[in-house]
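Structural features, examined
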Amino acid sequence: MTPYARRGVHGQTVETLARRVLSGEIPEGATLDMAALQSELDVSLTALRESLKVLAAKGMVDARQKRGTFVRPRADWNLLDADVLRWQFSESNGNGADLALLRNLGEVRGIIEPAAVRLAAARRTDEDLRELEAALTAMGEGGGASHAVEADLAFHRALLVATHNELLERMEMVIESGLAQRDQIVHSAPHSEDPVPSHRAVLDAVRDRDADAAEHAMRALLDQAMRDLDKVSGPHGSEHPPTEEKDDPAK
């Protein structure tokens, strides 16, 4: 599903309601007090209902006669929706929930991207290679965390496009949400590792149409991505990196 436009009163209302649901402020099963929300948010009933339609489309709320609009169980939510992922990260507030979610998304990427890069190696066009090369060049230019994030997103987006499978291309919204958050954490840390060599290995294998090498390079890249995250956050999702062990002279 294409992310909705976040601008204006409608967008602000959607964001506010979504975050309250995700934070548990409006818990699962709760029936929404439409009149109170309309007054508090200072919006018309029509605007409130239109905003709730966005959440309904993502499985988060529903409406029934005699019951009204209520929050559905989390098991019904479309957790892979790009907006829902973004809202979850925005609500985590660095409490470790975002790191757990990042690791879950890392596992999803480990299933999708190695298989996708095999298709890219078989199906890539010259235009695909130009897009990948441009992203890699941007990745090596420096320019701060934001620039690094956008270049990384562009590279992985171009890889999915190079599969020439429109369903895999749609996975970019799932992958990008987690990738952008991981990159912000990793690239904002001092002494983050140069991402160019691992991405270059993927591109070279795709250019050579070597599916086995491409898959191997992608798995190595994803493993490195998780190691980079662990260096910043700690291997078990703690907010601080693990204390570096000193060599034991007795060993």
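Residues numbered from 1 in each chain as written. Predicted model: local features only at pLDDT ≥ 70, side-chain atom pairs only at ≥ 80, totals over all residues. Heavy atoms only, no water.

1. What about empty space enclosed by the protein?
The following threshold applies: Cavities and pockets were defined on a 1 Å grid built from protein atoms only: a cavity is a group of points that admits a 1.4 Å probe but offers it no way out, a pocket is an open group of points flanked by protein on both sides within 12 Å along at least five of seven lines, and a lining residue is one with an atom within 4 Å of any such point. Grid points are joined across faces, edges and corners, and a volume is the space filled by probe spheres set on the points. The helix count covers DSSP runs of H or I at least four residues long, the strand count covers runs of E at least two residues long, and both are numbered beginning at the N terminus.
Using the criterion set out here, one finds one cavity of 30 Å³ or more in the structure. For the largest cavity, the calculated volume is near 70 Å³. Every residue lining the largest cavity is listed: Leu102, Leu105, Gly106, Arg109, Gly178, Leu179, Arg182, Ala225, Met226 and Leu229. Looking at the lining of the largest cavity, the elements with two or more residues in it are helix 5 (97-123), helix 9 (172-187) and helix 11 (211-233).

2. Some thoughts on the side chain of Arg109
Our working rule: Partly exposed residues are those whose accessible area sits between 20% and 50% of the maximum for their type, while under 20% is buried and over 50% is exposed, using a 1.4 Å probe and protein chains only. Throughout this description, a polar contact denotes any pair of N or O atoms lying within 3.5 Å of each other; where both atoms belong to protein, one of them has to be capable of donating a hydrogen while the other can accept it, and for residues adjacent in sequence the pair is counted only when both atoms sit in side chains. It only takes one pair of heavy atoms within 4.5 Å for two residues to be counted as in contact.
Inspection of the secondary structure assignment puts Arg109 in helix 5. Looking at Arg109, the relative accessible area reads 6%, which means it is buried. Polar contacts involving the side chain of Arg109 include one to the side chain of Glu113, which spans 2.5 Å. Every residue in contact with Arg109, bar those within four places of it in the chain, is listed here: Pro114, His156, Ile175, Leu179 and Leu222.

3. Observations concerning the environment of Gly11
With respect to the secondary-structure elements, Gly11 resides in helix 1 (residues 8-23). Given a relative accessible area of 0%, Gly11 falls into the buried group. In this structure, the C-alpha to C-alpha distance between Gly11 and Ser51, residues 40 residues apart in sequence, is 7.6 Å.

4. Concerning the pattern of salt bridges
Stated formally: Any Lys or Arg side-chain nitrogen found within 4 Å of a carboxyl oxygen on Asp or Glu counts as a salt bridge.
For the coordinates displayed, the defined rule picks out 23 salt bridges. A salt bridge links Glu176 to Arg157, with the shortest nitrogen-to-oxygen separation between them at 2.7 Å. With Glu176 in helix 9 and Arg157 in helix 7 (residues 145-161), this residue pair connects regions lying 19 residues apart in the sequence. A network of salt bridges, in which partner residues are shared, links Glu15, Arg19, Lys58, Asp81, Asp83 and Arg86.

5. So, helix 1
Test applied: Expected helix span is taken as 1.5 Å per residue step, with the number of steps being one fewer than the number of residues.
In this model, helix 1 (16 residues) spans 23 Å end to end at C-alpha, consistent with the 22 Å of a helix rising 1.5 Å per residue. Every buried residue of helix 1 is listed here: Gly11, Thr13, Val14, Glu15, Leu17, Ala18, Arg20, Val21 and Leu22. Phi turns positive one or two residues past the end of helix 1, at Gly24, with a value near 90°.

6. Some details on the pairing of strand 2 (residues 68-71)
We count it as follows: For two strands to be treated as a pair, DSSP must find no fewer than two bridges joining them.
Here four bridges tie strand 1 (residues 61-64) to strand 2, and the two strands are oriented antiparallel to one another. From the neighbouring strand, Ala63 faces strand 2, where its bridge partner is Thr69. If you look at the hairpin formed by strand 1 and strand 2, you'll find three residues sitting between the two strands, and Lys66 has a positive phi there, around 75°.

7. Focus on the nonpolar core
The criterion, for reference: For the purposes of this section, nonpolar cores are sets of buried Ala, Val, Leu, Ile, Met, Phe, Trp, Tyr and Cys residues that join through side-chain atoms within 4.5 Å.
Val117, Leu132, Phe155, Leu159, Val202 and Val206 are the most contacted members of the largest nonpolar core, which has 25 residues in total. Here Val202 is in contact with Val117, Phe155, Leu159, Ala217, Met218 and Leu221, once residues within four sequence places are set aside. Counting 22 residues, the second-largest nonpolar core is a separate cluster that includes Ile26, Leu37, Leu41 and Leu55.

8. Section: the packing of helix 7 against helix 10 (residues 196-207)
Counted only if it meets this: Orientation is described by lines fitted to C-alpha atoms, with helices fitted over the stretch in contact, and by angles between N-to-C directions that extend from 0 to 180 degrees. Under this scheme an angle from 65 to 115 degrees is roughly perpendicular, one under 35 degrees roughly parallel, and one over 145 degrees roughly antiparallel; angles in between are oblique. Helix crossings get a hand from a simple test, with the near helix turned counterclockwise from the far one by less than a right angle marking a left-handed crossing and a clockwise turn marking a right-handed one. When residue character is reported, Ala, Val, Leu, Ile, Met, Phe, Trp, Tyr, Cys and Pro are called nonpolar, Asp, Glu, Lys and Arg charged, and the others, Gly included, polar.
Two elements in contact, helix 7 and helix 10, have axes whose closest approach is 12 Å; the angle formed by their N-to-C orientations is 25°. With respect to helix 10, the element helix 7 is oriented roughly parallel. Where helix 7 crosses over helix 10, the two elements pack in a sense that is left-handed. Residues Asp152, Phe155, His156 and Leu159 of helix 7 pack against His199, Val202, Leu203 and Val206 of helix 10. Grouping the constituent residues of the contact of helix 7 with helix 10 by class yields five nonpolar, two polar and one charged.

9. Description of helix 2 (residues 34-41)
Applied cut-off: By arc we mean the arc of the directions from the helix axis to the C-beta atoms, nothing more.
Of the residues making up helix 2, those classed as buried are Met34, Leu37 and Leu41. Across the axial projection of helix 2, the buried residues extend over an arc of 65°, all falling on one side. For helix 2, the exposed residues lying more than 90 degrees away from the buried face are Ala35 and Ser39. By the N-cap criterion, in which a side-chain oxygen at the helix start approaches the backbone nitrogen of a residue two or three places on, helix 2 is capped by Asp33, the distance to Ala35 being 3.3 Å. Positive phi appears at Asp42, one or two residues downstream of helix 2, with a value of about 60°.

10. Some points on the confidence of the model for the protein chain
Inclusion rule: Confidence scores here are pLDDT values: one per residue, from the predictor, ranging 0 to 100.
For the protein chain, the average pLDDT comes to 85, and 84% of its residues sit at 70 or higher. Within the model, the stretch residues 237-251 combines pLDDT values under 50 with 20 contacts to residues more than four positions away or in other chains.

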